[in-house]
Amino acid sequence: MLELIISGIGLGIVLSFLTGPVFFALIKTSIEKGFYAGVALATGVVISDFIYMTITLFGTSLLSFESKYRMPIGVVGSVILLSIGLYYLLKKVEITYVEESSRIKHAGYFFKGFFMCIFNPFILLYWVSVASGVYSIYGELSSAQIIPFFGSILLTLFGMDTLKAYFAYKLRYRIKPKNIQNLNRVAGALIIVFALKLIYNLVAGQALI
């Protein structure tokens, strides 16, 4: 059991170094709105990961549901991602470092992180590939082994995102508005490219059916 937990922590650390639109959104939010806003966004991300991980490990009937509605879910998700990307790309930066203490605004950042991931059906494929790799190494795991192993992965991912938010927050006063503008543009461009790739993959996948 302890070996599985340690292995899960190690895998979580490795996975946490994969960068993407969520990474840039997390850093930007932490710099502009504070540590707790970044943690709220990271919480939304890890909850969406938990849902897709649960579907991957236990929900074979839900997998068929996701497959059936993959196109509309993907289209909605792509539109949301495109909107977020355009907002970041076109937003004019006038930095006022604000500590967001409102629970309502924190909830907004939570749902921002959640929806960035949950409407992306390819996150499911990501967790399927992770689970397949794990099973190829360890073989079939029992329920008593699955929970601590994959639970330690999720907790490690959340912990690493929290560290990212913390260091981005601590260094934010050393970062000039021009740097934030460039970060916005990088994040916006990555999110737009990611959304367009999602649309392409959905259309290409549909054409093969």
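Note that this is a predicted model, so its numbers are computed, not measured. (Residues numbered from 1 in each chain as written. Predicted model: local features only at pLDDT ≥ 70, side-chain atom pairs only at ≥ 80, totals over all residues. Heavy atoms only, no water.)

The secondary structure content of the chain amounts to nine helices and zero strands. Ordered by position from N to C terminus, the α and β elements of the chain give α-α-α-α-α-α-α-α-α. In the chain, which comprises 209 residues, the proportion classed as buried is 43%. By sequence separation, contacts in the chain at least 24 residues apart represent 91% of the contacts at least 6 residues apart. For the chain, the exposed area adds up to about 11400 Å²; of that, 71% sits on carbon and sulfur atoms. (Helix = DSSP H or I, 4+ residues; strand = E, 2+ residues; numbered from the N terminus. Buried < 20%, exposed > 50% of the residue type's maximum accessible area, 1.4 Å probe, protein only. Contact = heavy atoms within 4.5 Å. Areas by Shrake-Rupley, 256 points an atom, 1.4 Å probe, with all protein chains shown as cover.)

Another point: the packing of aromatic side chains. Geometry of an aromatic ring pair is reported as the spacing of the ring centres plus the angle between the planes. Summed over the entire model, instances satisfying the criterion amount to eight aromatic pairs. Here Phe35 and Tyr166 contribute two aromatic rings whose centre-to-centre distance is 6.0 Å and whose plane-to-plane angle is 90°, an arrangement assigned as edge-to-face. Residue Phe35 is found in helix H3 (residues 35-58), and its partner Tyr166 is found in helix H8 (residues 143-170); the two are separated by 131 residues along the sequence. A relative accessible area of 17% places Phe35 in the buried class. Measuring from ring centre to ring centre gives 5.5 Å for Phe114 and Phe115, while their planes differ by 70°; the resulting arrangement is edge-to-face. (Phe/Tyr/Trp six-rings, centres within 6.5 Å; stacked < 30°, edge-to-face > 60°.)

Scanning all chains against the criterion turns up two salt bridges. Glu32 is the partner of Lys28 in a salt bridge, and the nearest nitrogen-oxygen pair spans 3.0 Å. Of this pair, Lys28 and Glu32 both sit in helix H2 (residues 21-33), four residues apart, which is roughly one turn of the helix. For Lys28, a relative accessible area of 3% corresponds to the buried category. When the shortest N-O distance is used, the salt bridge between Lys164 and Asp161 registers 3.3 Å. Of this pair, Lys164 and Asp161 are both found in helix H8, three residues apart, which corresponds to roughly one turn of the helix. (Salt bridge = Lys/Arg side-chain N within 4 Å of Asp/Glu carboxyl O.)

Our focus in this paragraph is the confidence of the model for the chain. The share of residues in the chain with pLDDT of 70 or more is 80%, and the mean pLDDT across the chain is 78. When mean pLDDT is taken per element in the chain, H3 scores highest with 90 and helix H4 (residues 60-68) scores lowest with 53. (pLDDT = per-residue confidence, 0-100.)

Moving on, we come to the packing of H2 against helix H6 (residues 103-118). The contact between H2 and H6 brings their axes to 11 Å, and the two run at 170°. The pairing of H2 with H6 is recorded here as roughly antiparallel in orientation. On the side of H2, the interface is formed by Pro21, Val22, Ala25, Thr29 and Lys33, while H6 contributes Tyr109, Lys112, Met116 and Cys117. The residue makeup of the contact of H2 with H6, split by class, is six nonpolar, one polar and two charged. (Axes fitted to C-alpha atoms, helices over the stretch in contact; angles between N-to-C directions. Parallel < 35°, antiparallel > 145°, perpendicular 65-115°, else oblique. Nonpolar A, V, L, I, M, F, W, Y, C, P; charged D, E, K, R; others polar.)

As a further point, take the side chain of Thr29. Structurally, the position occupied by Thr29 is in helix H2. Residue classification places Thr29 among the buried positions, given a relative accessible area of 2%. Engagement of the side chain of Thr29 in a polar contact is seen with the backbone oxygen of Ala25, the distance being 2.8 Å. (Polar contact = N/O pair within 3.5 Å; in protein donor to acceptor, adjacent residues only side chain to side chain.)

The next subject is the packing of H2 against H3. Packed helix pairs are characterised by how far apart their axes lie and by the angle those axes make with each other. Two elements in contact, H2 and H3, have axes separated by 6 Å at closest approach and are oriented at 155°. Compared by their axis directions, H2 and H3 come out roughly antiparallel. Of the residues in H3, those touching H2 at Val22, Ala25, Leu26, Thr29, Ser30 and Lys33 are Phe35, Ala37, Gly38, Leu41, Ala42 and Val45.

Below, the discussion takes up the side chain of Glu32. For Glu32, a relative accessible area of 7% puts it in the buried group. A polar atom in the side chain of Glu32 sits 3.0 Å from the side chain of Lys28.

This next bit is on H2. The end-to-end C-alpha distance of H2 is 18 Å, a good match for the 18 Å that 13 residues give at a rise of 1.5 Å each. Among all positions of H2, only Pro21, Phe24, Ala25, Leu26, Ile27, Lys28, Thr29, Ser30, Ile31 and Glu32 are buried. Where H2 ends, the next residue or the one after it, Gly34, has phi of about 110°, a positive value. (Expected span 1.5 Å × (residues − 1).)

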